[in-house]
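# Descriptive structure summary
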Amino acid sequence: MASIELQRVEKRYGPHSAVRALDLRITDGEFLVLLGPSGCGKTTTLNMIAGLDAPTAGQVLFDGRDVTEVSAYRRNVAMVFQSSLLYPHLTARRNIETSLRYSNMNRAEKALRIAETVRMLEIEPLLDKLPSQMSGGQRQRVATAKAIVREPAAFLLDEPLSALDAALRLSLRSELVNLQKRLGTTTVFVTHDQIEAMTMGDRIGVMSGGELQQIGTPDEIYNSPATLFVAGFLGSPPMNLIEGEVIAGRFHSDQLSVPLSAPPGAATLGVRPQDMHLVAPNAEGALPVEVFALEHLGRESIVIAEAHGGLKVRVIVAVGFAARVGERLGLAPDPARCLLFAPGGARVPLRPTVAA
Amino acid sequence: MNRNRFLFVAVVLALLWSLVPIYWFCRMALLTPLEIQQYPWPLFPRAPNVASFWNIFGYDYILSDGTRVPASGQANQIIRGLFDSIVVSCIVTLLTLLAVLPLAYVFARLEFRFKSVLLFAILLSVALPPVSTLIPFYAMYIRIGLSGTLTGLVIVDLTITVPFVAWMLIGYFRNLPPIERLARVDGYGRLAAFVQLVIPLAKSGIAVAAVIAFLFAWNEYTYALVLVNGSTANTLPTAISGFLFQDPQPANLAASVVVTIIPPALVAYFLQRHVGEMNLVDPVR
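Just so you know, these numbers come straight off a predicted model, no measurement behind them.

Calculation rules
- Residue positions are given per chain, counting from 1 as you read along its sequence in written order.
- The naming scheme follows written order: chains are lettered A onward, ligands numbered 1 onward.
- Only residues with pLDDT of 70 or above have their local features reported here, since the model is predicted, and side-chain atom pairs are shown and tallied only from 80 upward, although totals for entire chains, interfaces and linings are computed over all residues.
- The contact criterion used is a C-beta to C-beta distance within 7 Å, with each C-beta placed from the backbone.
- For helices the rule is a DSSP run of H or I covering at least 4 residues; for strands it is a run of E covering at least 2, with both sets numbered from the N terminus onward.
- Residues are grouped as follows: nonpolar covers Ala, Val, Leu, Ile, Met, Phe, Trp, Tyr, Cys and Pro; charged covers Asp, Glu, Lys and Arg; every other residue, Gly included, is treated as polar.
- For every residue, the other C-beta atoms within 10 Å of its own C-beta are counted; 20 or more classify it as buried, 12 or fewer as exposed, and values in between as partly exposed. C-beta atoms are placed from the backbone.
- In this analysis, strands are considered paired if DSSP registers two or more bridges between them.

### Side note on the interface of chain A and chain B
Between chain A and chain B, the contact holds 18 residues from the first and 14 residues from the second. Residue contributions to the side of chain A that touches chain B peak at three residues, all from strand 6 (residues 77-80) of chain A. By residue class, the composition of the side of chain A that touches chain B is twelve nonpolar, five polar and one charged.

### Comments concerning unusual backbone geometry
Residues and elements named next belong to chain A. That bond from Ser-236 to Pro-237 is cis: its omega, 0 degrees, falls within 30 degrees of zero. For Pro-237, the location among the structural elements is in the loop between helix 8 (228-233) and strand 11 (240-247). Phi at Glu-122 takes a positive value of approximately 55 degrees, unusual for a residue other than glycine. Even without glycine at this site, Glu-151 takes up a positive phi of about 50 degrees. For Glu-151, the location among the structural elements is in the loop between helix 4 (136-148) and strand 7 (154-158). By the C-beta count within 10 Å, which is 14 here, Glu-151 ends up partly exposed.

### Let's talk about the sheet that holds strand 14 (residues 265-271) of chain A
Residue and element names in this part refer to chain A. Spatial strand order, 13-12-11-14-20-21: six strands in an open sheet with antiparallel pairing. Since the sheet does not close on itself, it has two edges, and those belong to strand 13 (256-259) and strand 21 (347-348), each with one partner. Direction of pairing for strand 20 (residues 339-341) relative to strand 21: antiparallel, over a ladder of two bridges. Across the sheet, residue Phe-341 finds its bridge partner in strand 21, namely Arg-347.

### Overview of the sheet that holds strand 5 (residues 65-66) of chain A
The strands that make up a sheet pair up through hydrogen bonds in the backbone, lying either parallel or antiparallel. All names here are of chain A. Across the sheet, which stays open at both edges, the four strands sit in the order 2-1-4-5 with antiparallel pairing between neighbours. Both outer strands of the open sheet, strand 2 (16-26) and strand 5, are each paired with one neighbouring strand and no more. Pairing of strand 1 (residues 4-13) with strand 4 (residues 57-62), which is carried by five bridges, proceeds in the antiparallel orientation. Paired with Leu-6 across the two strands is Val-60, which belongs to strand 4.

In structure tokens, the structure reads:
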């Protein structure tokens, strides 16, 4: 177990920067999720933590010790690769054994350790099968066993669940979290799936364009996103982003008018679908919209409304809400739950307004 | 139904195309010299005998009616050729694999400078017609005393097998899953990962590569004809061609052709599982 620190880590491939000047601290025993769209540098970051890719600049520290030049094996990291890669020509047992191949343990200790791991992951019946004879979920378990059998300082996972079907992902998600909490191993988990990130991570680091946009608890990331990118990337249905202008303490866009204490100028208003209310079409300060579609989710429904200029706004409404497509309505956001972003994407802090 | 019928006809035609010549010389090998001269040719040997197979290895054979069929005058060349062919083919196969395995692996899995230029240089030699290098090799071999030697023949064979097999294996290695990263986390060095993990993983592809190298060296005729024919370092294909020119013996010729087919047939038989398993696009299923 170890704390991991990245200091001004960069990775360039020729003129292309995959990761730029990244600072990251992962505390001992933490489950950190690196979240971002494909090509955002999250896998490259993981590979640099693992020691599989050397950073172009900067340092990687394990427990305060510089390991930038140290090999993956000597860092004592364990890794689960995309689609739970295993040696295809070796049985599950031999796959797990290769993890201990270069360790100093004697034969009996190794056997004991493997037996423990096998019991913990319940893969006894799979031991003599080849990876090609296992299902995706079974492969994932064996890859996890192969990783934890070394009792690694850090457990690194690169989208291990992405190739599995939805139901299996759901159950393996909680299994992995449970295992991580029992073992207390520092874990870095890379994914592009926001639900995986929200449900699994102690903290989430959101990456985009090779930069860390924000790092924080799922609550912080969801409820107070630092940038427009984070706000738009997390949440399902996604946050509504409405472009407009702040004039004299009010945000204006079309006929929408929301009281906010922010400096004047162009800005983007962010409102979660659950923080929007449907009002009468000509209500004071509301955004006039037409109903575009209605989606029933069982516990709630989502109204997708279209404003002038084609902007789609999503609003969560109670079950039983009925509306015709094309019906005219007004939309009013809850001013206390609104977020404001400057044109560059940075969040503009809002002071609570007296007028609201 | 129509599709199946078409397939059936196509398969039958393909089988006729490849099997009829084989049947024809097997039949010839089992005829007596007298029967071969008959016209029209007998389609089936009425009294098949294995005289020719004894003759080409230097033994007389007495038929059931008491006729003695004398040993072939070229028995020495056939025995010598068989031995030389086995030696040359095995050495060529071994050296080809030794050279090509690391070469193909490096080109398939590592990045380095001038990679595409070097790759092109290797592949260019596949495109070169073998005959175009024949005269230069001959001239060179005369000077350095390699003409008429097995060493010389092995070297020339390698100039064909190495680029060709490399070309095939590069594609195969490229499609293997990225287990090197896994191996590095497990503590393997690059060389150890290659020898202990990649080679066992790639055994089907390597087996097919070995068959191709072996068959090429075994069947090679043009180089052998120019570089070693007439010397003590004669291989089987050129030795057999002697039956055509020196002392026409159709039955003996046919028998030695049958003998020539046996080793590659055995190789193909024992490696057919790998040949069937090998899939260039998705090597590991």
